[in-house]
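Residues per chain, in single letters:
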Amino acid sequence: MSDSTNEYSDVVDRRKFLTLAGASGAAALAGCGGGDGTPTDGSGSDGSDGSDGSDGSDGSDGSDGSDGGSTNVVDKTHVSALQADPTNRTLNTHNTQISSEPARRLAFDRFAAYSFETREFQLAALDDWEFDGETVTLTFREDLSWSDGSDVTTEDIDVQFQILEKVGSAIWGYVESTEVVDDYTYQLNLTGPTNPVMVKHQLGNMWIDTPAAAFEQFLDADAAEVQQWNWEDSDTEVITSGAWAYVDKNQQQWNFERNEEFHSIDNVNFSNFRFDSYQEASVPQQDFTTGGKRFDSQWSMFAAPETVNAFQDYVMEIRSIPAKWGYGMIFNHDDPIFGDRAVRQAIAHVVNREELVANAGPRTKFPASVPCGIAPRDIENWLGDTQSNFEDYGVGSTNTEEATQILEDAGYSMQNGTWTSPDGEPISADYLTPGGWTDFTTMTETIVDRLNEFGFDLSVASRPTSDWQGAFIDGNFKVGTLYWLPGQARSSFPYFPLRHQIALEAFNGGHNYDGESEQTIPAMSGDGEMTVSPLAKVDEIATKSTNEEARPIVQEAAWHNNYDLPMLSLVSKFEQSWLTTDEWNVDLEEGDPERGIKWPPFWLPRTGKLTAQE
């Protein structure tokens, strides 16, 4: 994993900070196919992807749905689909290999949740969080309990933070030290000036998942011991803090029962929750199409329009959460052709982003209006009036004249129908794409067709996901597709996607982009030039205490991204989550804050928004 040498130790320990980008990328990949979503960061990956709370709200007035609900419990089991063998998964969220994202979300209460409907955090296990300079004070609810009836206190939270420090979790990229104030108050002392939004997103990715009674045994052990521990296979009692208590599991099922100790359990009106295991990705789609009624929900699953049209009428799609993740283009900057800015800009002019959306699924996808490393739904907010200065490269057009002019000005010429470099090398390459990702395949074929029509010589090179990823890690490629946003709610804060494109820590910087050297580019004003060190400019965003202070820095970093194109920002999407309504009530209105919290099958029952029909 490549580390930057830029001075930044007064803000965060970069080695720990790299964990953050790497985990979010891995989680995004895991979630793409609607699988188990095994995370790699012990602090948890929230899968969220909405706005960043730029209105300054700290979520302290958010409701967790604990006031009222149903008390008549129906003897009924909600069955949710899980693309994994439960015996190969664990509720130990610090296990770097087999921790289960959906099971964690089901079993544990989270610190806070982000609603993409309201663009605000809702506090859950937290009663309050206060940011005062370089100190964050966390106040936890006094009615938090473990499923065995014991109280959750800051003793548990302190053990959790010690374990997270041991395993190198991302939260310790922000935190210098911690203090137990009292049984329900915990203080974080930050490493230096840090934008509170960044800390909120990381805290929003944390759960009450580390009972001291179970995990204090690892405080003096090597990190590998807790990272490899399968909690359910041990003699240590498995206790949870959320609406559901662990019962048992086998290769086919993972069983939970109503947790009577949960503070908002009156909102939950059914007795059991079960994950049913499946292997082939098409199984839930077939069940929803044929009316087999094996599954009551699927937390995340891509389904094309024609597939959705064939589903039974009782299958409900929740499609209101932007993924902050999607199809982009990656270049090997050590390649003499694709490392040439002129070639990258020409490609940006040729690729019609609206055409990609139309071909791959306009129900769930939308283009970046300006390729600048900022999530599409956040561009206007962050760029403001400066957006008109940016090159949009033709969001809905193929600009071959502009592309031709750029290449000719850089010394390229058309030879026998193929663009050729000044050194006489044709623009020719395998275009890497992941096999089995149908929407990615469609967009890849569209891009390759358009670029070949323009005079490139590209071939679609479909690879198994592991080989596709490995090629980028090893730098063994010229050009291909890779997600241009790292995913999760934090991707709405520009620091994270901008840094992802420059440093690409999740893939060991395998695109070989030099983000540390100074570059001279046209000034944003259109008059003269500006000098920028790309990575240092992005890292400067993290030191600003408010979004207003960060805004001009974000605009400069985005301007550089738009001009130099470390990666090409193309398309993002909405998530697709699925519930059934034949035997279940789903009480959601447009604009309901609960509608925008990931993931509906796990969050809605605790708020009384998903109930069993009586």
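Residues numbered from 1 in each chain as written. Predicted model: local features only at pLDDT ≥ 70, side-chain atom pairs only at ≥ 80, totals over all residues. Heavy atoms only, no water.

## Notes on a negative patch on the surface
How we decide: Patch definition: residues with relative accessible area over 30% and no salt bridge; like charges joined within 9 Å; nonpolar side chains (Val, Leu, Ile, Met, Phe, Trp, Tyr) joined within 5 Å. Areas reported as accessible are Shrake-Rupley estimates using a 1.4 Å probe. Residue values count occlusion only from the protein chains shown. Salt bridges are defined by distance alone: a side-chain nitrogen of Lys or Arg within 4 Å of a carboxyl oxygen of Asp or Glu. Positive residues here are Lys and Arg, negative ones are Asp and Glu, while His and the chain termini are left out of the count. Lys charges are placed at NZ, Arg charges at CZ, Asp charges at CG and Glu charges at CD. A run of H or I in DSSP becomes a helix once it reaches four residues, and a run of E becomes a strand once it reaches two; helices and strands are each numbered from the N terminus. Throughout, exposure labels follow a simple rule: accessible area from a 1.4 Å probe, protein chains only, divided by the maximum for the residue type, with under 20% read as buried, over 50% as exposed, and the rest as partly exposed.
A contiguous patch of negative charge, built from Asp127, Glu142, Asp151, Glu155, Asp182, Asp183 and Glu216, is present on the exposed surface. You can see Asp151 is positioned in the loop between β5 (135–140) and α3 (154–166). Judged by relative accessible area, Asp151 falls into the partly exposed class, the value being 47%.

## Things to note about the nonpolar core
The tendency in soluble globular proteins is for nonpolar side chains to be buried side by side. Test applied: Residues belong to one nonpolar core when they are buried, are Ala, Val, Leu, Ile, Met, Phe, Trp, Tyr or Cys, and are joined through side-chain atoms within 4.5 Å. Working rule for contacts: check all heavy atoms of both residues, and any pair within 4.5 Å makes them a contact.
In this structure, Leu91, Leu203, Phe256 and Ile541 are the most contacted members of the largest nonpolar core, which totals 108 residues. The greatest single-element share of this core, amounting to six residues, is contributed by helix α17 (residues 547–564). Contact partners of Leu203, with chain neighbours within four places excluded, come to Phe111, Ala112, Trp129, Val136, Leu138, Ile171 and Leu188. Grouped together as the second largest cluster of nonpolar side chains are 54 residues, Tyr431, Leu451, Leu482 and Leu568 included.

## Things to note about empty space enclosed by the protein
It is a probe the size of a water molecule, rolled over the atoms, that shows where empty space is left. For clarity, the threshold we go by: Space inside and on the surface of the protein is sampled on a 1 Å grid over the protein atoms alone, with a cavity defined as a set of points where a 1.4 Å probe fits but cannot get out and a pocket as an open set with protein on both sides within 12 Å along at least 5 of 7 lines; lining residues have an atom within 4 Å of a point. Grid points are joined across faces, edges and corners, and a volume is the space filled by probe spheres set on the points. All residues other than Ala, Val, Leu, Ile, Met, Phe, Trp, Tyr, Cys, Pro, Asp, Glu, Lys and Arg, Gly among them, are scored as polar; the first ten of these are nonpolar and the last four charged. Segmentation into domains, and thus their bounds, comes from an automatic or database assignment.
Evaluated as defined, the whole model comprises six cavities of 30 Å³ or more. Here the second largest cavity defines a volume of roughly 120 Å³. Looking at the second largest cavity, it is lined by 15 residues, and the ones nearest its centre are Arg105, Phe108, Phe602, Trp603 and Arg606. Counting only elements with at least two residues in the lining of the second largest cavity, the list comes to α2 (101–107) and α18 (600–607). Grouping the constituent residues of the lining of the second largest cavity by class yields nine nonpolar, one polar and five charged. Looking at which domains feed residues into the lining of the second largest cavity, each of domain 1 (74–92 + 224–322 + 576–612) and domain 2 (107–218) supplies at least three.

## Some points on the pairing of strand β1 (residues 74–82)
Note the cut-off: The criterion for strand pairing is that DSSP finds at least two bridges linking the strands in question.
Across the nine residues of β1, seven count as buried, placing the element largely inside the fold. One ladder, built from seven bridges, connects β1 with strand β10 (residues 270–277); its direction is parallel. Within β10, the position partnered with Ser80 by the bridge is Phe275.

## What to know about the sheet that holds strand β7 (residues 185–190)
What counts, and what does not: In this description, a line fitted to the C-alpha atoms serves as the axis of each element, helices being fitted only across the stretch in contact, and the angle between N-to-C directions of two axes falls anywhere from 0 to 180 degrees.
What the four strands build is an open sheet, ordered β4-β5-β7-β6; its pairing is antiparallel. Every other strand in the sheet has two partners, leaving β4 (126–132) and β6 (175–182) as the edge strands with one partner each. Averaged over all pairs of adjacent strands, the angle between their axes in this sheet comes to 15 degrees, without regard to strand direction. Those strands touched by α3 are β5, β6 and β7, and its axis lies near 30 degrees from that of β7.

## What to know about the sheet that holds strand β17 (residues 428–434)
The strand order across the open sheet built from five strands is β18-β17-β19-β13-β22, with neighbouring strands paired in mixed fashion. Edge strands, defined here as strands with exactly one partner in the open sheet, are β18 (457–463) and β22 (567–569). The sheet shows a mean angle of 30 degrees between the axes of neighbouring strands, taken without regard to direction. Relative to β18, β17 runs parallel, the two being bridged by seven bridges. Within β18, the residue paired with Ala429 across the bridge is Leu458.

## What to know about helix α7 (residues 283–290)
Quick reminder of the rule: In this context, the arc is that of the directions from the helix axis out to the C-beta atoms.
Of all the positions in α7, only Pro284, Gln285, Asp287 and Phe288 are classed as buried. Seen from one end, α7 has its buried residues packed into an arc of 160 degrees, which puts them on one side. Summarising the contacts, the buried residues of α7 are in contact with β1, β11 (297–298), α8 (305–310), β12 (315–318) and β24 (577–580). At the C-terminal side of α7, Gly291 shows a positive phi close to 75 degrees.

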